[in-house]
Amino acid sequence: MEFSHVIPTELYFGTNIIQKKKSVFSQWGRKALIVTGKHSAKKNGSLEDVLSVLKEQQIDYVIFDQIEENPSLETIELGKKIGTESKVDFVIGIGGGSPLDAAKAIALFIKNPDISKENIFKAPQLTYLPVLTIPTTAGTGSEVTPYSIVTVNTQQIKRNLGQKIYPKAAFLDSKYTLDMPYEVTVNTAVDALTHLVEGYLNTNATFMSDIYVQKGVELFAGCIPALLNRQITSDTRNDLLCASMLAGMVLTQTGTSLPHGMGYALTYHKGLAHGLANGVLLIAYLKTFKEQKNLMKLLHFMNMDSIKDLENVIKQLVHVEIEITQDEIIKYSNDLYKNKGKLKNHPEEVSLEEIIGIYKESLCYCSHPNEGLD
Ligand code: NAP
Ligand code: ZN
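Residues numbered from 1 in each chain as written. Chains lettered and ligands numbered in written order. Predicted model: local features only at pLDDT ≥ 70, side-chain atom pairs only at ≥ 80, totals over all residues. Heavy atoms only, no water.

**Examining the pairing of strand S5 (residues 131–135)**
Selection rule: Throughout, exposure labels follow a simple rule: accessible area from a 1.4 Å probe, protein chains only, divided by the maximum for the residue type, with under 20% read as buried, over 50% as exposed, and the rest as partly exposed. Numbering of helices and strands runs from the N terminus, with a helix taken as a DSSP run of H or I at least four residues long and a strand as a DSSP run of E at least two residues long. If DSSP finds at least two bridges between two strands, the strands pair.
In terms of burial, S5 is a largely internal element, five of the five residues being buried. Of the two faces of S5, the one holding Val-131, Thr-133 and Pro-135 and the one holding Leu-132 and Ile-134 are both buried throughout. Two elements, S5 and strand S8 (residues 169–172), share two bridges in a ladder whose sense is parallel. Paired with Thr-133 across the bridge in S8 is Ala-170.

Here it is, written out as structure tokens:
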């Protein structure tokens, strides 16, 4: 057996964990840039908790609360300007995956004055300011991953920044997720599930990442009745946050695979929420596997006997109605097929026709997958 395992992020999980671990904040400097979305952090108590700890620790701060869903490089440059002018020592990301990813990118942009949206994708690995993360959705695992997924409007795509930006510490308290709307809860939970599945059925899977997957999918499976019945208790919230964190630890080792590579186009061009875009592709992707051994093991971890069992759950949770043309499907499929980095994570040879087939089977609700398209 041989494996490498890197999770340099300190993890602090539990109720009121920010207050309990407040001394961690003062390790990283005297002035922080807080990066967050426009509304939710002010409503769910996370921003208030952070501000109270910073005041207690006499840490100065400036707030940048303009992060949109699927953050753009333009917004990240704005965050860089504010952080640079304010001479901050470290960055605190609060929110869903969008603010957390933006916080990581801003921390890197501030540290490198010559880096901009024009040259970032050609840059070697760069250094970055320390980043602390506080997730308020339970799905992306971004609080522990080194990835920052950004929207590149000039190329009309979403893509990884191409840098490894490991948060120094993550504070996970499920009380911030208690009032998440049902739709966001389901979309983000399904995102975590796809991370676990894509990380298990992955050429980079290791002994360690498989351990995290097993626990993560067990936790997810335990939450299925609550998600289906819309009876989401605080215990369910806790389990979903934990599953999402484990899934992030998996992704850090393995990276994602086909559904994520295919889902970005659906988010950019069709406006589907990130988790929904991956979830809608999940079942058709699983059906392409010729070797079923690992897939069956994964289903058994969830007490399921066949793909059909998972399909029944996904069908009840994921609803997508979009208009999509044959030309669009072919364009998105060609783009993914050229992305050799993503394809190499998939453990089997996959053809362009199979990728087109996954899109069609997932998005074209008709008796024959080729009908109903332009
Ligand atoms: P998000 O885009 O961060 O947020 C979605 C919506 O949920 C926003 O309207 C946000 O409001 C709201 N929200 C956040 N927390 C809430 C709460 N506690 N209660 C009520 N509403 C809340 O969603 P996400 O699914 O967490 O993140 C998706 C992004 O993460 C995508 O860009 C995706 O590509 C990326 N991602 C990154 C990784 C990684 O490893 N880095 C992995 C997977 C996905 P506000 O805007 O007001 O905050
Ligand atoms: Zn994801």
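Back to the write-up after that little detour.
**What about the sheet that holds strand S2 (residues 31–37)?**
We apply this condition: The axes are straight lines fitted to the C-alpha atoms, using for helices just the contacting stretch, and the angles between their N-to-C directions are given from 0 to 180°. Residues count as neighbours in contact if any of their non-hydrogen atoms are within 4.5 Å of one another.
With parallel pairing, six strands are arranged side by side in an open sheet as S1-S8-S5-S4-S2-S3. Two strands in the sheet have a free side with no partner beyond their single neighbour: strand S1 (10–13) and strand S3 (60–67). Recorded for the sheet is a direction-independent mean angle of 15 degrees between the axes of neighbouring strands. Judged from the four bridges that link them, S1 and S8 form a sheet pairing that is parallel. Each residue of the ladder has a partner; that of Glu-10, found in S8, is Ala-169. Across the sheet, helix H4 (residues 73–85) lies against S2 and S3, angled at about 165 degrees from S3, the strand it touches most. Across the sheet, helix H8 (residues 234–254) touches S1, S5 and S8, and the angle it forms with S1 is around 170 degrees.

**Side note on the nonpolar core**
The test is simple: Here, nonpolar core refers to any group of buried Ala, Val, Leu, Ile, Met, Phe, Trp, Tyr and Cys residues whose side-chain atoms link them within 4.5 Å.
Membership of the largest hydrophobic core comes to 69 residues, with the highest contact counts inside it found for Leu-193, Leu-201, Leu-266, Tyr-285, Leu-286, Leu-310 and Tyr-359. Among all residues touching Leu-266, those that are not within four sequence positions of it are Gly-271, Leu-272, Ala-277, Val-280, Leu-281, Ile-322, Ile-324, Tyr-332, Tyr-359 and Leu-363. Residues Val-62, Ile-76, Ala-102 and Ala-107 belong to the second largest nonpolar core, which totals 27 residues.

**Some remarks on unusual backbone geometry**
The residue Asn-70 is not glycine, and still its phi comes out positive at about 55 degrees. On the secondary structure map, Asn-70 appears in the loop between S3 and H4. Exposure remark for Asn-70: the relative accessible area of 22% places this residue in the partly exposed category.

**A short note on the environment of Glu-321**
If you trace the backbone, Glu-321 turns up in the loop between helix H12 (307–317) and helix H13 (326–338). Judged by relative accessible area, which is 79%, Glu-321 ranks as exposed.

**Quick word on the coordination of the zinc ion (ligand 2)**
Six octahedrally arranged donors around a metal ideally form angles of 90 or 180 degrees; four tetrahedrally arranged donors ideally form angles of 109.5 degrees. Where we set the bar: A donor here means an N, O or S atom no more than 2.8 Å from the metal, or no more than 3.2 Å when the metal is Na, K or Ca. Since water is not included, a site may seem to lack partners. Metal sites are grouped by the angles between bound donors: all angles between 85 and 135 degrees with four donors is tetrahedral, opposite donors over 155 degrees apart with the others between 65 and 115 is square planar for four donors and octahedral for six, and any other pattern is irregular.
In the first shell of the zinc ion (ligand 2), the protein supplies Asp-191 (OD), His-195 (NE2), His-260 (NE2) and His-274 (NE2), at 2.1 Å from the metal. Coordination at the zinc ion (ligand 2) comes from four donor atoms whose angles at the metal span 87 to 165 degrees, giving a geometry best classed as irregular. For the zinc ion (ligand 2), all donor residues lie on one chain, and their spacing in sequence is D-x3-H-x64-H-x13-H. Of this pair, Asp-191 and His-195 both sit in helix H6 (residues 182–200), four residues apart, which is roughly one turn of the helix. Judged by relative accessible area, Asp-191 falls into the buried class, the value being 1%. Using a relative accessible area of 2% as the deciding quantity, one classes His-195 as buried.

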